[in-house]
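Structure at a glance
Residue strings, one per chain:
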Amino acid sequence: MTQTDGTTPCIRVQRAGPLALLQDSGRFGVRHLGVTQGGPADLYSWAWANHLAGNAWGTANLEVTFGGLQLVAGRDLRIAIAGADLGATLEQKPVPLWQSVTWKEGQTLAFDAPVSGLRAYLAVAGGFVAEPVLGSVASVCREELGGFSGLGDKLASGDQLFVHNKSDSRHELPEAPEDAVPDFSQPAVLGFLPGAQIGHFTGRSLFDAFNTWWQVDDLADRMGVRLIGPKLYCNISTLVSEGINLGGVQVPPDGQPIALLNDRQTIGGYPRLGSLTPLSASRLAQCLPKEEVKLLPKGSDTALRQYRTFRAFFHARPR
């Protein structure tokens, strides 16, 4: 990456780990082109990391999956890490999560392996520098869009990262309140909105869908998460392809539901049981394989009110 006006090359990737991606709030207004939204798989933790680092909504931070990442600071930085506990350390000392901390020049910030949760979010005061592609820097590897290179690349060892020099970056909360910090060690109960095709599923399937603790399959990534449990039966096997929303739960012919996440395809033809709420999609994104989740039907008014409250809290921050 080359020098950019108003920025300083200040972070070196010493070890890349399996998957670290640059994510802003996502790429919108382009699904008619067949381009998916990308953005943070766990929007909740992403938003809190930015908030604690003094950044406005939409600022790009790093989504670190599974850990294994090592970064060296080229100057003093203010950072915040929210989301999963990936055993983060500064100079081999544990880093407090869900609060603002100082990362000193020359210190190594390292992420180890999941303790609870799957994805951590590293926000740096001022935000990372990258050139938007189709209005966003969100990394989508499959579509080769976004990220630091513009091609959707995950971080690689030796990369040099830039941070905006912003004097107006501020933080009002040194740490998140205790009741705002999720416990990823507990089984996830996921708010669920019934969909238009739910009436085509058998009565037994509907009972099983909402009274089963589903197990997260090994087949899980930023595109979607397959859930293992009783086979669900639908009276229609396929549909004319239609738009797929974040959290949409498709049921393919094998009867095992798939909850679709940020890097999902834009259209699909399998019947849908319904959809996870946006914040429940975030919670699912923190589940490791073999963990259990349960679907909890929720009214659309309640889900919308909760989501608006969540966004309003972060949008209220000064830019």
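Relevant structure appears above.
Definitions and limits used
- Residues numbered from 1 in each chain as written.
- Predicted model: local features only at pLDDT ≥ 70, side-chain atom pairs only at ≥ 80, totals over all residues.
- Heavy atoms only, no water.
- Helix = DSSP H or I, 4+ residues; strand = E, 2+ residues; numbered from the N terminus.
- Buried < 20%, exposed > 50% of the residue type's maximum accessible area, 1.4 Å probe, protein only.
- Pairing = 2+ DSSP bridges.
- Core = buried A, V, L, I, M, F, W, Y, C linked by side-chain atoms within 4.5 Å.

Turning to its location among the elements, L155 is positioned in the loop between strand 10 (116-124) and strand 11 (160-164). Each C-alpha atom of the pair L155 and L227 lies 29 Å from the other, and the pair is 72 residues apart in sequence.

Turning our attention to the pairing of strand 5 (residues 77-85). The buried fraction of strand 5 amounts to seven of the nine residues, a majority that puts the element mostly inside the structure. Two elements, strand 5 and strand 8 (residues 100-103), share four bridges in a ladder whose sense is antiparallel. What sits directly across from L77, in strand 8, is W103. Relative to strand 10, strand 5 is paired through six bridges, and the arrangement is antiparallel. Across the sheet, the residue bridging to A80 is A123, located in strand 10.

Turning next to unusual backbone geometry. In this structure, Q92 takes a positive phi of about 70° despite not being glycine. Along the chain, Q92 turns up in the loop between strand 6 (89-90) and strand 7 (93-94). A residue is classified by how much of its surface remains accessible, and Q92, at 76% relative accessible area, is exposed. Positioned with a positive phi, K290 is a non-glycine residue whose angle comes to about 85°. Turning to its location among the elements, K290 is positioned in the loop between helix 3 (278-284) and strand 20 (292-297).

Another point: the nonpolar core. W48, L273, L276, L284, V293 and L295 are the most contacted members of the largest nonpolar core, which totals 43 residues. Examining the composition of this core, we find that seven residues originate from one element, helix 1 (residues 43-53), more than from any other. If you look at the next biggest cluster of nonpolar residues, it comprises 34 residues, including L22, A73, V137 and L161.

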